[in-house]
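Residue-level structure breakdown
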Amino acid sequence: MTDHGDRPYLAPALPDALDVAHRLVAALQLGMDRSDADAYDAMFAADILWGSPKGAVLQGFSTLNGIHQRLFAQAVAPPSDFSVAQAAMIAPGVVVAQIGRHARGGGFSEMAMYVLVERDGRWWVTAGQNTPIADD
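The following paragraphs examine the structure supplied in this document. (Residues numbered from 1 in each chain as written. Predicted model: local features only at pLDDT ≥ 70, side-chain atom pairs only at ≥ 80, totals over all residues. Heavy atoms only, no water.)

1. Describing the environment of Asp81
Formally: By definition, any uninterrupted DSSP run of H or I lasting at least four residues is a helix, any uninterrupted run of E lasting at least two residues is a strand, and each is numbered from the N terminus. Residue exposure (1.4 Å probe, protein chains only): buried if accessible area is under 20% of the type maximum, exposed if over 50%, otherwise partly exposed. Any two residues whose heavy atoms approach within 4.5 Å are treated as being in contact. Distance and chemistry together define a polar contact, namely a pair of N or O atoms within 3.5 Å, with one atom able to donate a hydrogen and the other to accept it when in protein, and with adjacent residues in sequence counting only for side-chain atoms on both sides.
On the secondary structure map, Asp81 appears in strand S3 (residues 80–91). The exposure class of Asp81 is partly exposed, given its relative accessible area of 36%. Once the C-alpha coordinates of Asp81 and Arg104 are considered, the two residues, 23 residues apart in sequence, prove to be 7.1 Å apart. Apart from the residues within four sequence positions on either side, Asp81 is in contact with Gln29, Gly100, Arg101, His102 and Arg104. At 3.0 Å, the side chain of Asp81 forms a polar contact with the side chain of Arg104.

2. A closer look at empty space enclosed by the protein
Our working definition: Every definition here rests on a 1 Å grid over the protein atoms only: cavities are sets of points where a 1.4 Å probe fits but cannot get out, pockets are open sets enclosed by protein on both sides within 12 Å along at least five of seven lines, and lining residues have some atom within 4 Å of a point. Grid points are joined across faces, edges and corners, and a volume is the space filled by probe spheres set on the points. Throughout, the ten residues Ala, Val, Leu, Ile, Met, Phe, Trp, Tyr, Cys and Pro are labelled nonpolar, Asp, Glu, Lys and Arg are labelled charged, and all others, Gly among them, are labelled polar.
Taken as a whole and assessed by the stated rule, the structure comprises one cavity of 30 Å³ or more. In this structure, the largest cavity spans a volume of roughly 40 Å³. Taken together, Tyr40, Phe82, Ile99, Gly100, Arg101, Glu110, Ala112, Tyr114 and Asn130 form the lining of the largest cavity. Elements that contribute at least two residues to the lining of the largest cavity include exactly strand S4 (94–103) and strand S5 (109–119). Taken together, the residues of the lining of the largest cavity sort by class into five nonpolar, two polar and two charged.

3. Describing the nonpolar core
Nonpolar side chains tend to gather and get buried jointly when the protein is soluble and globular. Cut-off, in case you're wondering: For our purposes a nonpolar core is just a set of buried Ala, Val, Leu, Ile, Met, Phe, Trp, Tyr and Cys residues, chained together by side-chain atoms within 4.5 Å.
Counting residues in each nonpolar core, the largest one holds 27 residues, and the members touching the most others are Leu24, Ile99, Tyr114 and Leu116. Looking at this core element by element, the count peaks at eight residues for helix H1 (residues 15–34). If near-sequence neighbours (up to four positions away) are discounted, Tyr114 is found in contact with Leu24, Leu28, Tyr40, Trp50, Val95, Val96, Ala97, Ile99, Val125, Ala127, Gly128 and Asn130.

Bear in mind that shape data such as this cannot, by itself, settle questions of function.
Here is the structure:
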């Protein structure tokens, strides 16, 4: 292992972190498969911070859910599969996860970084940032 001096290791990939990330993937997949924004956004906190794949930023569930309602109605995202790329519990009750959305049969795919926080035994997405995956 390389010596990194005083730089700490903060986020081991613990099974708990992966479990939280897989729960998020299940909610996203259900919403995508049903074209249901409410199911897709089921784990999103009321004050979520969001970054779109085109660089727009917003705050708040109501605003984001309204956008997702419109996008699902317009079938903007192609049928897709979600997967956990990696996840780490960076502090008790805080998970950072990278989740891929891979378009089936063409269309745009993206990688998202989510920050999830546990409150009263339930996990909530407090922030998300989406980045398009470039075609090779």
